[in-house]
Amino acid sequence: MRAVEQAAIASGRVTGLELMERAGRAVADVITERRLGTSNDTNPTARALVICGPGNNGGDGFVVARLLHIRGWQVDVFLYGDPDTLPPDAKVNHDLWSVLGPVHPLASFPAFCEPLAPLPFDLLVDAAFGIGLTRPLPQEFRTVFTHLSSGELARSCVAIDIPSGLCADTGTVLRPAADPAGRWPAAEGLACKADLTVTFHTAKPGHLTGDGPRYCGTVIVKDIGL
Ligand SMILES: NC(=O)C1=CN([C@@H]2O[C@H](COP(=O)(O)OP(=O)(O)OC[C@H]3O[C@@H](n4cnc5c(N)ncnc54)[C@H](OP(=O)(O)O)[C@@H]3O)[C@@H](O)[C@H]2O)[C@H](O)CC1
Ligand SMILES: [K+]
């Protein structure tokens, strides 16, 4: 996937930023088409929670946040990592989102959640990690994904590219050294359990093998012109 992306960028046919915009738009279009937000008289504004990571998967998340905001959603964005160390394309989209709303540090998530009624969000968008995950999720994400698994955070979840915590090559959940035998239950939030995964260009092995099917939910492959 990286080779395909780099070749397309190297050819000058497309830039990384354009690919990121297309990816984010593809995700936002799926959300709109499947009406994943319930805008009705009791809930006039659909609410989305976007969790961004430190890489380009997070960059996709900032694009989705901006597009959902423009489409009338109420969007809350959290970032794990320092905005100033985001890759260039992700930083551009971080800055574009920041004109529309705040970027909360993920560490502030528990305090943010405290006063909220149960099920405050229609949708959680998992933009933490994509194909660049190299080790088990940090604790901050496990807190979010544990709440998600217990159904007390959002009505549904869309993962961008691959559910975070899952290796895109093998479909296995990356488990901390403390749990080599994989005894910790899914509820430990070791990976994001999504209802829908939107991936780009082609499905990855991790969508189809190992824990993939259990964590990805429905997998939708979108063409981003690669
Ligand atoms: N032009 C493009 O490349 C496009 C990419 N798309 C999207 O981008 C992601 C792949 O982006 P990438 O930045 O390569 O990877 P991730 O976003 O998955 O994250 C990598 C960063 O995360 C750090 N990392 C990895 N594992 C952990 C962890 N367990 N805890 C903390 N941090 C972690 C990693 O740091 P390192 O220390 O490992 O270097 C990186 O900083 C792809 O999935 C798409 O969503 C667009 O969609 C299309 C264009
Ligand atoms: K993801």
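Everything discussed here concerns the structure shown above.
Computed from a predicted model, the values in this text were never measured in an experiment. (Residues numbered from 1 in each chain as written. Chains lettered and ligands numbered in written order. Predicted model: local features only at pLDDT ≥ 70, side-chain atom pairs only at ≥ 80, totals over all residues. Heavy atoms only, no water.)

1. Observations concerning the nonpolar core
Most often, soluble globular proteins have nonpolar side chains that are buried together.
Then step 1. Core analysis: the largest hydrophobic core is formed by 33 residues, its most contacted members being Val27, Ile31, Trp73, Val75 and Val77.
Then step 2. Breaking this core down by element, the ones donating at least two residues are helix H2 (16-33), strand E1 (47-52), helix H3 (56-70), strand E2 (74-79), helix H4 (88-98), strand E4 (121-127), strand E5 (154-160) and strand E6 (196-200).
Then step 3. Considering every element that reaches this core, the biggest residue donor is H2, with five residues.
Then step 4. Setting aside its immediate chain neighbours within four residues, valine 75 contacts Ala48, Val50, Ala65, Leu68, His69 and Trp97.
Then step 5. Counting 24 residues, the second largest nonpolar core, distinct from the first, contains Phe109, Ala128, Leu174 and Cys192. (Core = buried A, V, L, I, M, F, W, Y, C linked by side-chain atoms within 4.5 Å. Buried < 20%, exposed > 50% of the residue type's maximum accessible area, 1.4 Å probe, protein only. Helix = DSSP H or I, 4+ residues; strand = E, 2+ residues; numbered from the N terminus. Contact = heavy atoms within 4.5 Å.)

2. Some details on the sheet that holds E4
Then step 1. Pairing is parallel across the open sheet formed by seven strands, whose spatial order is E3-E2-E1-E4-E5-E6-E7. Edge positions in the open sheet fall to strand E3 (103-105) and strand E7 (218-222), since each of these has one partner strand only. Looking at each pair of strands side by side, their axes are set apart by 25° on average, direction ignored.
Then step 2. Judged from the three bridges that link them, E2 and E3 form a sheet pairing that is parallel. Across the sheet, phenylalanine 78 pairs through a bridge with histidine 104, a residue of E3.
Then step 3. The strands that H2 touches are E4, E5, E6 and E7; relative to E6, the one it contacts most, it runs at about 150°. (Pairing = 2+ DSSP bridges. Axes fitted to C-alpha atoms, helices over the stretch in contact; angles between N-to-C directions.)

3. Considering the coordination of the potassium ion (ligand 2)
Then step 1. At this site the potassium ion (ligand 2) is bound by Asn57 (OD1), Asp126 (O), Phe129 (O), Ile160 (O), Ile162 (O) and Ser164 (OG), with donor distances of 2.6 to 3.1 Å.
Then step 2. Viewed at the metal, the six donor atoms of the potassium ion (ligand 2) are separated by angles of 67 to 169°, and the geometry they form is irregular.
Then step 3. All donors of the potassium ion (ligand 2) belong to a single chain; written as a sequence motif, their spacing is N-x68-D-x2-F-x30-I-x1-I-x1-S. Placement of aspartate 126 in strand E4 and of serine 164 in the loop between E5 and E6 is noted, with a sequence separation of 38 residues between them.
Then step 4. Relative accessible area serves as the criterion here: at 0%, serine 164 is assigned to the buried category. (Donors = N, O, S within 2.8 Å, 3.2 Å for Na, K, Ca; no water. Tetrahedral: all angles 85-135°; square planar, octahedral: opposite > 155°, others 65-115°.)

4. Structural notes on the state of the cysteines
Then step 1. Enumeration according to the criterion identifies zero disulfides in this entry.
Then step 2. We note that cysteine 192 lacks a disulfide partner, and the nearest cysteine sulfur, in cysteine 157, lies 3.4 Å from it.
Then step 3. The exposure class assigned to cysteine 192 is buried, which follows from its relative accessible area of 0%.
Then step 4. The cysteine cysteine 216 is free of any disulfide, with cysteine 192 supplying the nearest cysteine sulfur at 9.6 Å.
Then step 5. Of the residues examined, cysteine 216 reaches a relative accessible area of 0% and is grouped as buried. (Disulfide = S-S within 2.5 Å.)

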